[in-house]
Amino acid sequence: MATFGMKYAVFAKIATEPATTAPTYSTGVVIGKAMDAEIKANFNEASLYGDDAPAEYVKELKDVDVTLGVTTIPGEAATALFGSTLTAKTDNAGEKVSYKDTDTASYGGLGFIARESIDNVVGYMLVWLPKVKFAPSDNKFQTKGDSITFQNESISGKAVRCNSGEWKNIEHYSTEAAAIAALNTKAGITE
């Protein structure tokens, strides 16, 4: 399988987390236009030696580093992701997103769609992390010069296993519309 392209990044706050099943989610939000994502699983591992040779080896999931690049993070998404405060537009001012030191980020589900090619057949992969928490992005601003350089939002966080034991789900669809519909269902997004 080879992937190319990525779109439609969404986040939905966890509403309930039953003891042995996957979480349920509140209404999700789109996190701007998706640019890239990196998901890196980290493991704890140990070897036990006996009689001058390896006797046991254990490798277990510790956590998962998640980095998501988007064109921008809308105010509604910042509220869901970071616990920021959103003030609506007024007659002479745009919306305001306030970040405070007392903000508390929420665990939630993160998903996106990637195009894939398997044996020269193009399909669509839905990637879903059922329990992830992000921190607000660092910002870089740069004056314009002889060439145009875009700056974008990149957020990072940690995914952990949910109570069902899952930390990542991947589903395959033959059409983009079917993949997006399935992702909307997971994230509680109605259009």
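Scope of this entry: the structure provided in the associated data block. Computed from a predicted structure; not experimentally measured.

### Some points on the overall build of the protein
Part 1 of the reasoning: Each helix and strand in the protein was counted, giving two helices and 11 strands.
Part 2 of the reasoning: Going residue by residue from the N terminus, the α and β elements of the protein occur as β-β-β-β-β-α-β-β-β-β-β-β-α.
Part 3 of the reasoning: By the burial criterion, 34% of the 191 residues in the protein qualify as buried.
Part 4 of the reasoning: Positive and negative charge centroids in the protein, built from 18 and 24 side chains respectively, lie 6 Å apart.

### What about the pairing of strand β5 (residues 53-70)?
Part 1 of the reasoning: Note: strand β4 (residues 34-50) against β5, 16 bridges, orientation antiparallel. The partner of A41 across the bridge, within β5, is V64.
Part 2 of the reasoning: Counting the residues that bridge the hairpin from β4 to β5 gives two residues, and of these D51 lies at a positive phi of roughly 50 degrees.
Part 3 of the reasoning: Across seven bridges, β5 lies against strand β10 (residues 153-159) in antiparallel orientation. Bridged to V70 within β10 is E153.

### Topic: the packing of aromatic side chains
Part 1 of the reasoning: Enumeration according to the criterion identifies three aromatic pairs in this entry.
Part 2 of the reasoning: Considering the side-chain rings of Y25 and W128, the 5.3 Å spacing of their centres and the 90 degrees angle between planes classify their relative orientation as edge-to-face. Here the residue Y25 occupies a position in strand β2 (residues 24-25), and W128 occupies one in strand β9 (residues 121-135), the gap between them amounting to 103 residues. With respect to class, Y25 is no different from W128; both count as buried.
Part 3 of the reasoning: Centroid distance F82 to Y99: 6.4 Å. Interplanar angle 45 degrees. Geometry classified as tilted. Taken together, the residues F82 in helix α1 (residues 75-82) and Y99 in the loop between β7 (96-98) and β8 (108-118) connect sequence positions 17 residues apart.
Part 4 of the reasoning: Judged by relative accessible area, which is 4%, F82 ranks as buried.
Part 5 of the reasoning: Of the residues examined, Y99 reaches a relative accessible area of 47% and is grouped as partly exposed.
Part 6 of the reasoning: Geometry around F43 places K59 over its ring, the cationic atom sitting 5.0 Å from the centre.
Part 7 of the reasoning: When the ring centre of Y107 is taken as reference, the NZ or CZ atom of K131 above it lies at 4.8 Å.

### Observations concerning the nonpolar core
Part 1 of the reasoning: Among the nonpolar cores identified, the biggest contains 25 residues, and I31, V66, L68, I73, L81, L110 and F134 are the most heavily contacted of them.
Part 2 of the reasoning: Those residues in contact with I31 that lie beyond four places of it in its chain are A9, V10, F11, L68, V70, T72, I73, P74, A77, L81 and L110.
Part 3 of the reasoning: Counting 15 residues, the second-largest nonpolar core is a separate cluster that includes A12, W128, A179 and A187.

### Details of unusual backbone geometry
Part 1 of the reasoning: Phi is positive for Y8, which is not a glycine, with a value near 60 degrees.
Part 2 of the reasoning: Tracing the sequence through the fold places Y8 in strand β1 (residues 2-16).
Part 3 of the reasoning: According to the relative accessible area criterion, Y8 is buried, its value standing at 18%.

### Remarks on α1
Part 1 of the reasoning: The element α1 is largely enclosed, with a buried count of six among its eight residues.
Part 2 of the reasoning: For α1, the full list of buried residues reads G75, A77, A78, A80, L81 and F82.
Part 3 of the reasoning: The inward-facing, buried residues of α1 abut β1, β3 (29-30), β6 (85-87), β7, β9 and β10.
Part 4 of the reasoning: Once α1 finishes, G83 follows within two positions and takes phi at roughly 80 degrees, a positive value.

### Section: the environment of T175
Part 1 of the reasoning: For T175, the location among the structural elements is in the loop between β11 (169-173) and α2 (176-187).
Part 2 of the reasoning: Relative accessible area serves as the criterion here: at 37%, T175 is assigned to the partly exposed category.
Part 3 of the reasoning: Separated by 119 residues in sequence, T175 and E56 place their C-alpha atoms 45 Å apart.
Part 4 of the reasoning: Separated by 3.1 Å, the side chain of T175 and the backbone nitrogen of A178 make a polar contact.

About the thresholds
Residues numbered from 1 in each chain as written. Predicted model: local features only at pLDDT ≥ 70, side-chain atom pairs only at ≥ 80, totals over all residues. Heavy atoms only, no water. Helix = DSSP H or I, 4+ residues; strand = E, 2+ residues; numbered from the N terminus. Buried < 20%, exposed > 50% of the residue type's maximum accessible area, 1.4 Å probe, protein only. Lys, Arg positive; Asp, Glu negative; His and termini not counted. Charge placed at Lys NZ, Arg CZ, Asp CG, Glu CD. Pairing = 2+ DSSP bridges. Phe/Tyr/Trp six-rings, centres within 6.5 Å; stacked < 30°, edge-to-face > 60°. Lys NZ or Arg CZ within 6 Å of the ring centre and 35° of its normal. Core = buried A, V, L, I, M, F, W, Y, C linked by side-chain atoms within 4.5 Å. Contact = heavy atoms within 4.5 Å. Polar contact = N/O pair within 3.5 Å; in protein donor to acceptor, adjacent residues only side chain to side chain.

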